[in-house]
Amino acid sequence: MRLAVNIDHIATLRNARGEGVPDPVEAAIAAEKSGAAGIVCHLREDRRHIKDDDLTNLRSAVTTKLDLEMAMTPEMQAIALRTKPELITLVPEKREELTTEGGFNIVAHYSSLVEFVKPFKGSGIEVSLFIEPEKQAIDLSFGAGADLVELHTGKYALQHDEENIAREFRRISEAAAYAKNLGLKVVAGHGLNYGNIAPFGKIVEIEEVSIGHAIIARAVMTGLAEAVREMISIIG
C-alpha cells in the first residue's frame, strides 16, 4: 500500500502569519524523499490554505505524483487542464466546513459530472471521485468515466465502539473489492491516522491511502521526514 501525503496544512500554518514559511513545496519534497508515493493538495475556491502559486510551484517540484483535490467548477477544471497534475480528485466543498465532510454527491450531479470529466480524457490526467463506500456511488463513478475512486473513511475514523469500527471497516472492504472488480483503481482517505490505519493493510484492493492532518500534526513533534517514515512503516 502506497502513501500519498496531503500538504494542505503546511499552507494553513504558513498563512497564519501571512509569511513565507513553512513552504508547502519544501514539505512536498521532504515527503517524497522520505518515501511518499504522491503529494496531495486541495485548491479550495476560497484559497484558505493552498494558493494558486503553490499549485504552480508544486507542479514544477513534485516528481512522484501530484493529486489536485478540487470542486467540480469551471474555474477548477480550467486550472487543472492548464496545470496538468497526474490526477484530479473531485470532492464536495462547502465554505463553512473545517474539512471535507463526506463523499461527493454523485447521484445529484451525475449528468454534470459526465460532461465535466470529458475534457480530461486523453489529457494525461486521471480522474478520481471522493465517494462514500457504497455500490451505487461506485457504479455511477464507473459510468461517468472515472479512473479511480477514493473511498471516504471518515465514518470509520470517527467510531470508538469495536462493533461499529468493524462494521465500517467491512463496508469499506466490500466497497473496495466491488470497485476493483469493475476495473477501477481504489484509494482511501479521510481521518486516517497512526492509530487506526493498520487494519487497512488487509484490504488488498486499496492501492494507496491519502493522509494529511495526522502526518502534519505528528511532524510538529518529530519532523516531517520521520512522520512520513513512521506512517509508511505501519502501512507497508
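Now for a quick tour of the structure. Bear in mind that the values here come from a model prediction, so they are computed numbers and not experimental data.

Attention shifts here to the overall build of the chain. When helices and strands are counted, the chain shows ten helices and eight strands. Taken over the C-alpha trace, the chain has a radius of gyration of 17 Å; the compact-globule value for 236 residues is 18 Å, and the two agree within 12%. Across its three principal axes, the chain shows a C-alpha extent of roughly 45 × 40 × 30 Å. Among the 236 residues that make up the chain, the fraction classed as buried is 50%. Sequence-distant contacts, at least 24 apart, represent 67% of the contacts inside the chain between residues at least 6 apart. For the chain, the exposed surface amounts to about 10800 Å²; the carbon and sulfur share of it is 52%. In the chain, 26 side chains carry a positive charge and 35 a negative one; their mean positions are 2 Å apart.

An order of β1-β2-β3-β4-β5-β6-β7-β8 is seen for the eight strands of this closed barrel, with the pairing classed as parallel. The average angle at which neighbouring strand axes cross in this sheet is 25°, direction not considered. For strand β1 (residues 2-6) and strand β2 (residues 38-42), the ladder comprises three bridges, and the chain directions are parallel. The partner of Asn6 across the bridge, within β2, is Val40.

Let us now look at helix α2 (residues 24-33). Along α2, the residues classified as buried are Pro24, Val25, Ala27, Ala28, Ala31 and Glu32. Buried residues along α2 cover an arc of 160° about the axis, so they all sit on one side. Facing away from the buried side of α2 by over 90 degrees, the exposed positions are Glu26 and Lys33. For α2, the elements touching its buried residues are β1, α1 (8-17), β2, α3 (52-61) and α10 (224-235). For α2, the side-chain oxygen to backbone nitrogen distance between the N-cap and Val25 is 3.1 Å, and the N-cap itself is Asp23. Following α2 by one or two positions, Gly35 has its phi on the positive side, about 115°.

This part covers the environment of Asp161. Of note, Asp161 is situated in the loop between α7 (154-158) and α8 (162-182). Taking the C-alpha atoms as reference points, Asp161 and Pro199, separated by 38 residues in sequence, lie 15 Å from one another.

Right, let's talk about the pairing of strand β6 (residues 148-152) for a bit. In terms of residue burial, β6 counts as a mostly covered element, since five of its five residues are buried. Of the two faces of β6, the one carrying Leu148, Glu150 and His152 and the one carrying Val149 and Leu151 are both buried. Summarising the sheet, strand β5 (residues 126-131) and β6 pair through four bridges and their orientation is parallel. Within the sheet, the bridge partner assigned to Phe130 lies in β6 and is Glu150. With helix α6 (residues 135-144) bridging β5 and its parallel neighbour β6, the resulting β-α-β unit is right-handed. Two elements, β6 and strand β7 (residues 185-189), share five bridges in a ladder whose sense is parallel. The partner of Leu151 across the bridge, within β7, is Ala188.

Under the definition given, this model contains 18 salt bridges. Put simply, Lys180 and Glu207 hold a salt bridge, and the shortest N to O gap is 2.9 Å. Residue Lys180 is located in helix α8, and its partner Glu207 is located in the loop between β7 and β8 (208-211); the two are separated by 27 residues in the primary sequence. A cluster of three or more residues bridged by salt bridges with shared partners is formed by Arg2, Lys65, Lys180, Glu207 and Glu208.

Procedures and definitions
- Residues numbered from 1 in each chain as written.
- Predicted model: local features only at pLDDT ≥ 70, side-chain atom pairs only at ≥ 80, totals over all residues.
- Heavy atoms only, no water.
- Helix = DSSP H or I, 4+ residues; strand = E, 2+ residues; numbered from the N terminus.
- Rg over C-alpha atoms; globule rule 2.2 N^0.38 Å.
- Buried < 20%, exposed > 50% of the residue type's maximum accessible area, 1.4 Å probe, protein only.
- Contact = heavy atoms within 4.5 Å.
- Areas by Shrake-Rupley, 256 points an atom, 1.4 Å probe, with all protein chains shown as cover.
- Lys, Arg positive; Asp, Glu negative; His and termini not counted.
- Charge placed at Lys NZ, Arg CZ, Asp CG, Glu CD.
- Pairing = 2+ DSSP bridges.
- Axes fitted to C-alpha atoms, helices over the stretch in contact; angles between N-to-C directions.
- Arc of directions from axis to C-beta.
- Polar contact = N/O pair within 3.5 Å; in protein donor to acceptor, adjacent residues only side chain to side chain.
- Right-handed = clockwise from strand over helix to strand, strands pointing away.
- Salt bridge = Lys/Arg side-chain N within 4 Å of Asp/Glu carboxyl O.

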